[in-house]
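Notes for the structure review
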Amino acid sequence: MPYNPINKMLPVTVDIRLQHRYSEIATELSRLTHFNKIEVLRLLQMHYILTKEDTIPMDQLLFMQFMDVFLGVRNVEAVEKMFLISCITNEESLTGSEFVKILSLVLKGKLPDLINFCFEVYTEMTRSPKFIKKEGVLLMAKRNSLKMCKLVNMEKFDQSFVDFVMIEVDKDRDNRISLEDYRKAVYENVAWLQFLGRILPTSTRKEKFMKLFTNRPYINNIQTSVSAMIREKKEKSQSEMKSQSKSASSLSFSSDSAGLVINHGGVRIVEAVEKMLLISCITNEENLTGSEFVKILSLVLKGKLPDLINFCFEVYTEMTRSPKFIKKEGVLLMAKRNSLKMCKLMNMEKFDQSFVDLVMIEVDMDRDNRISLEDYRKALFENVAWLQFLGRILPTSTRKKFMKLLKNRPYINNIQTSVNSEMKSQSKSASSISFSSDSADLDINHSGYLTTNRRNQVVVDGDFLTLLLAPKWRFYIFIVLLFLLSFILPYLFFSHITAA
């Protein structure tokens, strides 16, 4: 049998001897791991070199040094727990096969396997088997903040981080994170995979290390898994939309968890539409009946302001997962989501905090750090712009042209009508009020007519001069002035010549 060198750094005799020794183990491990036989043989030889020809065991300290030097993982506690989880034969040292298995998982593991592995490491770090408790998250946050900054008081930051984690990751709201909660959160956003500290090496370090024992190109399995999941979701949603709609209209209805989807514009916030579906489904939680479909359209298209206040508040409490109240943490969470959609490059933390402070000052009327339905209602009657302050729920008045498919009656903006009647009943001042029904913004201009845009503008009690200078009268005024000047100027000119 011809000799093929595996490791040119070793003497030929040692290389042949190690190939012969590890041949059967390498064949078995190539079936159990993501490496082929040649790669397994080289990793086993690496283990042989690191343990100084098997004279010393690969204990915890040696494994930490290896992870630090070769893979750049310096989280000592995490590496310690990884070592304890991987040691099966002997609790004090890693064998060659265990060394290959842990490297297979860390370097080339797929997302489902990495989710189970990281969760097990975190439960060991927080010392609570099967669950990550709220106290464990706070403990890890304090450790990380001590590493980040030893001068600044980080207690408020730690508590905010814990609240944010529990809102995002604790899906069943039992104040502890189970494996199922963790899995759902990671599938929604892969950034949650290492939320309590780094466990896995970066892709750059993985690629550099793998060049030591393989010629195969490095493939980021995490990114590949996420891309495949996104692609699968898109294909599934597209196939369902095509199968359920037979016309080219702008409206398609899907009875799955995504709920009601507007294809060509309109309401695009999937989470808000999902909560609208859950609120509207009374007979069956999974799909809308015909009568429920008509009721939700009646509310969305022609609902009056008091009904829309109750409806929007209920949707927002579902989105922030706090029944009966919108808490300060929920406002911050929604602000972070919206800022991520707005801009992924800029640091939006200061903007988010400023937005939260503004909301709590303007909307939290009783100053109890949470927004009740009564607070929300009072804020809306003062300024209707707060109706959709946590994200769009209702379609714009322009998109409500959908009603032309149903009847020939003209569309009436009930929100605008309610606001105008409310303002007329409250005051009859000389200020003019311009209401834009598309953006649901209410602007007060004490100088008279306000021209924010050219759609659905209403003038109340404006002075005559301001009304006269409105855009629709300017053309006629210009024509009259031009006509008068065409007679006055020649008259003055000839009279001046005659007098001379």
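Residues numbered from 1 in each chain as written. Predicted model: local features only at pLDDT ≥ 70, side-chain atom pairs only at ≥ 80, totals over all residues. Heavy atoms only, no water.

1. Some details on the side chain of lysine 81
Worth spelling out the cut-off: Strands are runs of DSSP state E lasting at least two residues, helices are runs of H or I lasting at least four, and both sets are numbered from the N terminus onward. We call two residues in contact when some of their heavy atoms are within 4.5 Å.
Tracing the backbone shows lysine 81 in helix α4 (residues 76-86). Those residues within four positions of lysine 81 in sequence are excluded, and the remaining contacts are Val121, Glu124 and Met125.

2. Focus on α4
Counting along an α-helix, one turn takes 3.6 residues, and residues three or four places apart therefore face a common direction. To keep things clear, this is the line we draw: Exposed residues in this analysis have more than 50% of their type's maximum accessible area, buried residues have under 20%, and partly exposed residues fall in between, with area computed by a 1.4 Å probe over protein chains only.
Buried within α4 are the following residues: Ala78, Val79, Lys81, Met82, Phe83 and Ser86. Elements that come into contact with the buried residues of α4 comprise α3 (60-71), α5 (96-108) and α6 (111-126).

3. Quick look at the side chain of threonine 126
Mapped onto the secondary structure, threonine 126 falls in helix α6. Threonine 126 gets classed as buried once you look at its relative accessible area, which sits at 10%. Apart from residues no more than four positions distant in its own chain, threonine 126 is found in contact with Phe131, Ile132, Gly136, Met140 and Leu196.

4. Some thoughts on the environment of methionine 125
In this structure, methionine 125 sits in helix α6. Linking methionine 125 and lysine 81, residues 44 residues apart in sequence, is a C-alpha distance of 6.9 Å. Residues contacting methionine 125, with those up to four places away along its chain left out, are Asn75, Glu77, Ala78, Lys81, Met140, Arg143 and Leu196.

5. A few points about the UniProt feature "domain: EF-hand" (unreviewed entry) in the protein
Filter applied, for reference: UniProt positions are given in the numbering used here, feature names are shortened, and annotations may be inferred rather than shown by experiment.
In the numbering adopted here, UniProt assigns the feature "domain: EF-hand" (unreviewed entry) to residues 157-192. The straight-line gap between the two end C-alpha atoms of residues 157-192 is 18 Å; of that span, 64% is helix and 6% is strand.

6. Things to note about helix α13 (residues 290-302)
Our working definition: Expected span of a helix: the number of residues minus one, times 1.5 Å.
An ideal rise of 1.5 Å per residue puts 18 Å on 13 residues; α13 measures up with 18 Å between its terminal C-alpha atoms. For α13, the complete set of buried residues consists of Glu292, Ile296, Leu297, Leu299, Val300 and Leu301. Each element contacted by the buried residues of α13 is listed here: α12 (270-280) and α14 (305-320).

7. Side note on unusual backbone geometry
One non-glycine residue, arginine 127, adopts positive backbone phi at about 55°. In this fold, arginine 127 is placed in the loop between α6 and β1 (132-133). Residue arginine 127 is classed as exposed on the basis of its relative accessible area of 69%. Despite not being glycine, arginine 367 has its phi angle at roughly 55°, a positive value. Within the fold, arginine 367 resides in the loop between α16 (349-363) and β6 (370-371).

8. Some details on the nonpolar core
One recurring pattern in soluble globular proteins is that nonpolar side chains are buried together. Quick reminder of the rule: Side-chain atoms within 4.5 Å link the members of a nonpolar core, which is a set of buried Ala, Val, Leu, Ile, Met, Phe, Trp, Tyr and Cys residues.
Leu103, Tyr122, Ile177, Tyr182, Leu193, Phe195 and Ile199 are the most contacted members of the largest nonpolar core, which totals 67 residues. Here tyrosine 122 is in contact with Ile132, Tyr182, Leu193, Gln194, Phe195, Leu196, Gly197 and Ile199, once residues within four sequence places are set aside. Counting 34 residues, the second-largest nonpolar core is a separate cluster that includes Cys312, Val359, Leu380 and Ile393.

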